[in-house]
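# A closer look at the structure
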Amino acid sequence: MKIALVTGASRGIGRACAKLLAKSGYRVVLASRNLDKLQELAREIGEAGGHADAIVIDMGSQESIANAMAAAAKDFGRIDILINNAGITKDGLAVRMKPADWERVLATNLSGAFYAIQKVLPAMMRERWGRIVNVSSVVGEMGNAGQANYVASKAGLIGLTKSLAHEVGSRNITVNAIAPGFIETDMTQVLSQELRDKMVANTPLRRIGTPDDIAHAVKFLVSDEASFITGHVLDVNGGIYM
Ligand code: NAP
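Report on the accompanying structure. If you're wondering where the values come from, they're calculated on a predicted model, not measured in any experiment. (Residues numbered from 1 in each chain as written. Predicted model: local features only at pLDDT ≥ 70, side-chain atom pairs only at ≥ 80, totals over all residues. Heavy atoms only, no water.)

Relative placement of two packed helices is described by the angle separating their axes and the distance separating the axes. Contact pair helix H4 (residues 99–127) / helix H6 (residues 148–168): the axes reach a minimum separation of 8 Å and the direction vectors enclose 20°. With respect to each other, H4 and H6 are oriented roughly parallel. In this structure, the crossing between H4 and H6 has a hand that is right-handed. Note on element contacts: H6 touches H4 through Ala148, Asn149, Tyr150, Ala152, Ser153, Lys154, Gly156, Leu157, Leu160, Leu164 and Val168, opposite Asp101, Trp102, Val105, Leu106, Asn109, Leu110, Ala113, Phe114, Ile117 and Leu121. Residue classes in the contact of H4 with H6 are distributed as 15 nonpolar, 4 polar and 2 charged. (Axes fitted to C-alpha atoms, helices over the stretch in contact; angles between N-to-C directions. Helix = DSSP H or I, 4+ residues; strand = E, 2+ residues; numbered from the N terminus. Parallel < 35°, antiparallel > 145°, perpendicular 65-115°, else oblique. Left-handed = near helix turned anticlockwise from the far one by under 90°. Contact = heavy atoms within 4.5 Å. Nonpolar A, V, L, I, M, F, W, Y, C, P; charged D, E, K, R; others polar.)

Structure, rendered in structure tokens:
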């Protein structure tokens, strides 16, 4: 049974990915800062006949990532699939952005993903098999006013994905990114109705995406059917950016 670690599995897109991967026969390691929520999800997955375990990780801390990955390696032997999904926003215009807001977003969304990758790669290289999926964003491709920190982190993930795909392809490890459009989760809950309506009007498929829309793309990219796809950025955005 292949083992998939999903960061940010407590809510939203990560939760949907973890549930779908578990349903598809993977053993899932659920990672985020909120152990209670992860354990609740692990129970839910178990009751549905799947296999899931919870570990605490703070993707903004190199030390926490190292500890969590060491614990995962000890408990599960190896991680075959890494879904770097955890992410935060701290929006504001660049001219007034606080250094702490810049640094926190870059540390969590980009550096955290990189350090997690560094921890799982040696075993994947030994096994000559691995799948890494980085959850970027449509704004990482097109830019967005008020989100310089977030957009830089998401564009950074795309560069990281492509560079890594070059580095580890010969070991049968694929590295891809998904760029979601507007998805209904806690992250987008704060946006006004007016902005939502505008977003939907600008989306050719005329709806907001669901966490499951992203989970299905993740499931495909980690499958054997996607074994010749690497360094790709898969847009799952209803056509809002092409
Ligand atoms: P969400 O509902 O806000 O969930 C964020 C997840 O990330 C939570 O599970 C949270 O878990 C985890 N997380 C945040 N900071 C963390 C940290 N320091 N360490 C570990 N886990 C952390 O967001 P979402 O919409 O599902 O977003 C998931 C990913 O998709 C993010 O990378 C986001 O940038 C990206 N995305 C979302 C959209 C959208 O429209 N929603 C669009 C494009 C891209 P805890 O709080 O339990 O730690």
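So, next bit.
Where helix H1 (residues 12–23) contacts helix H2 (residues 35–47), the two axes come as close as 10 Å, and the packing angle between them is 25°. Judged by the inter-axis angle, H1 sits roughly parallel to H2. Read as a crossing pair, H1 and H2 show a hand that is right-handed. On H2, the residues touching Arg15, Ala18, Lys19 and Ala22 of H1 are Leu41, Glu44 and Ile45.

This brings us to the site of the ligand. Lining the immediate surroundings of the ligand are 32 residues, of which Ser32, Arg33, Asn85, Tyr150 and Thr185 lie closest. Residue Met59 places a main-chain N or O atom 2.8 Å away from a nitrogen atom belonging to the ligand. Protein contact buries 96% of the 880 Å² of open area that the ligand shows by itself. Every element with two or more residues in the shell around the ligand is listed here: H1, H4, H6 and helix H7 (186–189). Examining the composition of the shell around the ligand, we find that 3 residues originate from one element, H7, more than from any other. Per-class residue counts for the shell around the ligand are 12 nonpolar, 14 polar and 6 charged. (Near = heavy atom within 4 Å. Polar contact = N/O pair within 3.5 Å; in protein donor to acceptor, adjacent residues only side chain to side chain. Areas by Shrake-Rupley, 256 points an atom, 1.4 Å probe, with all protein chains shown as cover.)

By the definition in use, this model includes 1 aromatic pair. If you follow Lys2 out to its NZ or CZ, it ends over the ring of Trp129, 4.4 Å from the centre. (Phe/Tyr/Trp six-rings, centres within 6.5 Å; stacked < 30°, edge-to-face > 60°. Lys NZ or Arg CZ within 6 Å of the ring centre and 35° of its normal.)

Moving on: the pairing of strand S6 (residues 173–180). Taking burial as the measure, the 8 residues of S6 include 8 buried ones, the bulk of the element. Neither face of S6 is left uncovered, since the one carrying Ile173, Val175, Ala177 and Ala179 and the one carrying Thr174, Asn176, Ile178 and Pro180 both have all their residues buried. Bridge analysis of S6 against strand S7 (residues 233–236) gives 4 bridges, and the strand direction is parallel. If you follow Ala179 over to S7, its bridge partner there is Asp235. (Buried < 20%, exposed > 50% of the residue type's maximum accessible area, 1.4 Å probe, protein only. Pairing = 2+ DSSP bridges.)

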